[in-house]
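This is what each chain is made of:
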Amino acid sequence: MKVLLVNKFHYLKGGSERYYFTLAEAFERAGHQVIFFAMKDEKNIPCETEKFFVSNASVGGGLKSKLKMVMHIAYSKEAYKKMTALLKQENPDLVILNLVHKQITCSVIDAIKDFNKDLPIFWTMHDLIAVCPSYTMLDGEGRICEKCLDKNFKHCTDNRCIKGSKLMSKLSTYEANVIRKKGWYDKVDKFICPSNFYKKKLQQADFTKSDIVWLRNPLSSNTVYELNAHDDGYILYFGRLTREKGVKTLIDAMQGVDYKLEVLGTGPIEDELKDYVTKNGILNVTFEGFKQGNELETFIRNARCIVLPSEWYENGPYSAMEAMALGKPLIVSNKGGLPELVEDGVNGYVYNTTTELKQALIKVINAPEQEYSSLCENSLKKAKEYFNPKDYVEQLIALMKKDGNSL
């Protein structure tokens, strides 16, 4: 079988791209051929189909790049033509979309169905953009907002949900309305959600006639699964330093706790968090900057537990998955898909308030050796059960066969 994977970025930018490349690897290991369609970028990983990639367009690029995205935010003729050319050359058996809004656009759905109306399209929902123009379900003030579930996307403009910008919010509202009018979501055969929470939220919005299913993201076939039932005396947070990630809440919970907190990562509120720690004389919090690869894994291995204090609707973050694979307990907020990864008291704890977070931290820190080892063992066990890439590919193929598609 030949599988076409579509994603705006063809380099390792974030969790969506980690999934994109992990899925490619998993299909190839299962004996299938994988081809790609993405956006041109100097950071891209070389591939045979890059000649079909669309021009770079981004609000973060130069003037030409910004204008290109604004002019073609809802429909890209270039993407339609290049996708059509790729399909004619490669004739894939399955297309899996990932991040396509704004730069690639849903025009590729028309190209796919015009090429072959029976060619199945799956779409992995890494965010909530199909029902929320800002994709995060956060308003311009960074608060959780579900107003657009009523299908009136004007809320996005009124609340300046895209980075507080009236213009970008208006453009995203326009894009959402065009997609709804064109009925593109109904042309997708399956929407794949990494969390059951996202599945339910999308079903609540009633945005498509197509099937919506829940499949946890896979880890790479090269993932090292190991038990690390020890620690070097610190709690660990690693990830972006943004308001919705809840790092300040974690810092507040650590006050009065006789243990160290290591914070890894960078982001727009990094200086604000450092100033907060300094001004309040909080001595048990250390900022270590951005870490990756072996250095990050070492921090995870030697942590007492990993905390994800998110204050928005996380999906199925790779940070949690990778920590579990290294046999570490998790403490997570009761938001989005996070509670689906933690069985309370078995491989970690789920909390609702700052007080409950502090209590969970103390439980893990003070846990007797046997109890702590059990938390670690259960985390590792769940990682092996939940994130197997071979099982994931088999489930995708089963979904194809269920719809009557032959391989």
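This write-up is about the structure you can find in this document.

About the thresholds
- Residues numbered from 1 in each chain as written.
- Predicted model: local features only at pLDDT ≥ 70, side-chain atom pairs only at ≥ 80, totals over all residues.
- Heavy atoms only, no water.
- Buried < 20%, exposed > 50% of the residue type's maximum accessible area, 1.4 Å probe, protein only.
- Helix = DSSP H or I, 4+ residues; strand = E, 2+ residues; numbered from the N terminus.
- Pairing = 2+ DSSP bridges.
- Contact = heavy atoms within 4.5 Å.
- Disulfide = S-S within 2.5 Å.
- Polar contact = N/O pair within 3.5 Å; in protein donor to acceptor, adjacent residues only side chain to side chain.
- Phe/Tyr/Trp six-rings, centres within 6.5 Å; stacked < 30°, edge-to-face > 60°.
- Lys NZ or Arg CZ within 6 Å of the ring centre and 35° of its normal.

### A closer look at the pairing of strand β3 (residues 94–97)
Residues in a regular strand point their side chains to alternate faces of the sheet.
(1) Moving on: Burial along β3 is two-sided: L94 and I96 and V95 and L97, pointing in opposite directions, are all buried.
(2) Moving on: Taken together, the four bridges between strand β1 (residues 2–6) and β3 define a ladder with parallel strand orientation. By the bridge assignment for β3, V6 is matched with L97.
(3) Moving on: As paired strands, β3 and strand β4 (residues 121–124) are joined by three bridges and run parallel to one another. Directly across from V95, in β4, lies its bridge partner I121.

### What to know about helix α11 (residues 318–325)
(1) Moving on: Extensive coverage of α11 is indicated by the burial of seven of its eight residues.
(2) Moving on: Residues of α11 that are buried make contact with α1 (15–29), β7 (234–238), α10 (293–301), β10 (306–308), β11 (330–333) and α13 (369–386).
(3) Moving on: Looking at the residues trailing α11, positive phi occurs at G327, about 70°.

### Overview of the state of the cysteines
(1) Moving on: Under the defined criterion, the tally for this structure stands at zero disulfides.
(2) Moving on: The thiol of C106 is not disulfide-bonded; the next cysteine sulfur, from C132, is found 15 Å away.
(3) Moving on: Residue C106 is classed as buried on the basis of its relative accessible area of 1%.
(4) Moving on: Lacking any disulfide linkage, C156 is separated from the closest cysteine sulfur, that of C161, by 4.7 Å.

### Focus on the environment of R29
(1) Moving on: On the secondary structure map, R29 appears in helix α1.
(2) Moving on: Taking the C-alpha atoms as reference, R29 lies 44 Å from E141; in sequence the two are 112 residues apart.
(3) Moving on: Discounting chain neighbours no more than four positions away, the residues touching R29 are S221 and N222.
(4) Moving on: Separated by 3.1 Å, the side chains of R29 and N222 make a polar contact.

### Overview of helix α8 (residues 247–254)
(1) Moving on: Of all eight residues in α8, six are buried; the element is thus mostly enclosed.
(2) Moving on: When α8 is considered as a whole, its buried residues turn out to be V247, T249, L250, I251, A253 and M254.
(3) Moving on: The first or second residue beyond α8 is G256, which carries a positive phi of 85°.

### Describing the packing of aromatic side chains
(1) Moving on: Inspection of the entire model under this criterion finds 15 aromatic pairs.
(2) Moving on: Arranged with centres 5.1 Å apart and planes meeting at 65°, the rings of F191 and F207 form a pair that is edge-to-face. Taken together, the residues F191 in strand β5 (residues 190–193) and F207 in the loop between α7 (196–205) and β6 (211–214) connect sequence positions 16 residues apart. Taken individually, F191 and F207 each receive the classification buried, so the pair is uniform in this respect.
(3) Moving on: Taken together, the aromatic side chains of W123, Y185, F191 and F207 make up a single cluster linked through ring pairs.
(4) Moving on: Just above the ring of Y386 sits the side chain of R216; from NZ or CZ to the centre is 3.7 Å.

### Overview of unusual backbone geometry
(1) Moving on: Phi is positive for N91, which is not a glycine, with a value near 45°.
(2) Moving on: Tracing the chain through its elements places N91 in the loop between α3 (77–90) and β3.
(3) Moving on: Here K163, not a glycine, exhibits a phi torsion of approximately 55°, which is positive.
(4) Moving on: Mapped onto the elements, K163 comes out in the loop between α5 (154–158) and α6 (166–182).

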